[in-house]
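Per-entry structural report
These are the residues of each chain, in order.
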Amino acid sequence: MTSNHTDCHYCLQSLRGRKYALREENAYCVTCYDSLFANPCEECKQPIECDSKDLAYKGRHWHERCFNCAKCSRPLVEKPFAAKDELLLCTGCYSDEYSSKCFHCQKTIMPGSRKMEFKGSSWHESCFVCQYCRQPLGTKPLITKDNENYCVPCFEKQFAHHCYSCKKVITSGGVTYHDQPWHKECFMCAGCKTQLSGQRFISKDEYPYCVDCFSKFYAKKCAACKKPITALGGAKFISFEERQWHGECFNCAKCSVSLVGQGFLTKQDDVLCHECGSA
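Residues numbered from 1 in each chain as written. Predicted model: local features only at pLDDT ≥ 70, side-chain atom pairs only at ≥ 80, totals over all residues. Heavy atoms only, no water.

An unreviewed UniProt entry lists the chain under the name Four and a half LIM domains protein 5, with Chauna torquata as the source organism. The heading Subcellular location (unreviewed entry) in the UniProt record of the chain holds the text "Nucleus". (UniProt positions renumbered as here; feature names shortened; annotations may be inferred.)

Spelled out as structure tokens, the structure:
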């Protein structure tokens, strides 16, 4: 501005025919104004004169010519930029230095774009999709297999086992019996319906039975003690003429000597060692 009717508010020099600047309704010559009020430039440290454009960001100031990317020096005026550790960077340099890489396509996830986080990795929203149907996963429940992500319906269609008993999907754990998958809670004794997962059981006609039920329904009875013979744990039993004995019960009816692996004689329902049988 020029004036022909006032003086500089600070040095009192006449402003007639000279440029001046106004501040709080007071007029200052350019020299006084710059020395009193000009902001120092963050880049070159020189004052930003009143006839220069003052660019401000978060309380700091730059000449227009100094407002550049701290890495590649490209001008940032009227362009998007990012700040890191008080440095101004163009979006390209910021991405190269600090932005995450997409786990799927390995390309930079640009500042301002939506980023998905999963298991410590970052993804473009457009890359975070079901491997099978290619639909965006977003925040939907998902299942990972061989580093690929699947929505639950696609995973179940492609990979999940169905319980042999209830026919529903087994999402975790489970029991395999006769090459068929079962839920742990569905793997029950065919007799008393007690859960058998982690328990001893005996198979009969492709059905599992707890020891008690198998003994009750199917096990042979020992001719001596009348208790069931289950042969669990590799226990030995003796069979002779449609009768069975526990190994420890197969003894001479008179002297009680063990007859396992020995010759023996029979007398009516009794088994006898040779000595007792010959007496």
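Regarding the packing of aromatic side chains
Applying the stated rule across the entire model yields 21 aromatic pairs. Arranged with centres 5.8 Å apart and planes meeting at 55°, the rings of Phe 118 and Phe 128 form a pair that is tilted. Placement of Phe 118 in strand E8 (residues 115-118) and of Phe 128 in the loop between strand E9 (121-124) and strand E10 (142-145) is noted, with a sequence separation of 10 residues between them. Ring centres of Tyr 164 and Trp 182 lie 5.3 Å apart, and the angle between their planes is 45°; this geometry places the pair in the tilted category. (Phe/Tyr/Trp six-rings, centres within 6.5 Å; stacked < 30°, edge-to-face > 60°. Helix = DSSP H or I, 4+ residues; strand = E, 2+ residues; numbered from the N terminus.)

Observations concerning the nonpolar core
Ranked by size, the top nonpolar core spans 15 residues in total, and within it Trp 182, Phe 187 and Cys 189 carry the most contacts. Broken down by secondary-structure element, the contributors of at least two residues to this core are strand E14 (175-177), strand E17 (207-210) and helix H4 (211-217). Contact partners of Trp 182, with chain neighbours within four places excluded, come to Cys 163, Tyr 164, Ser 165, Ile 170, Gly 174, Val 175, Tyr 177 and Phe 187. (Core = buried A, V, L, I, M, F, W, Y, C linked by side-chain atoms within 4.5 Å. Buried < 20%, exposed > 50% of the residue type's maximum accessible area, 1.4 Å probe, protein only. Contact = heavy atoms within 4.5 Å.)

A look at the UniProt feature "domain: LIM zinc-binding" (unreviewed entry) in the chain
Within this numbering scheme, the UniProt entry marks residues 39-99, 100-161 and 220-279 as carrying the feature "domain: LIM zinc-binding" (unreviewed entry). Across residues 39-99 one finds 13% helix and 26% strand; the C-alpha atoms that close the span lie 33 Å apart.

Details of the environment of Thr 171
Turning to its location among the elements, Thr 171 is positioned in the loop between strand E13 (169-170) and E14. Residue class for Thr 171 comes out exposed when judged on its relative accessible area of 65%. In the structure, Thr 171 is positioned 13 residues away from Gln 158 in sequence and 13 Å away in space, judged by C-alpha atoms.

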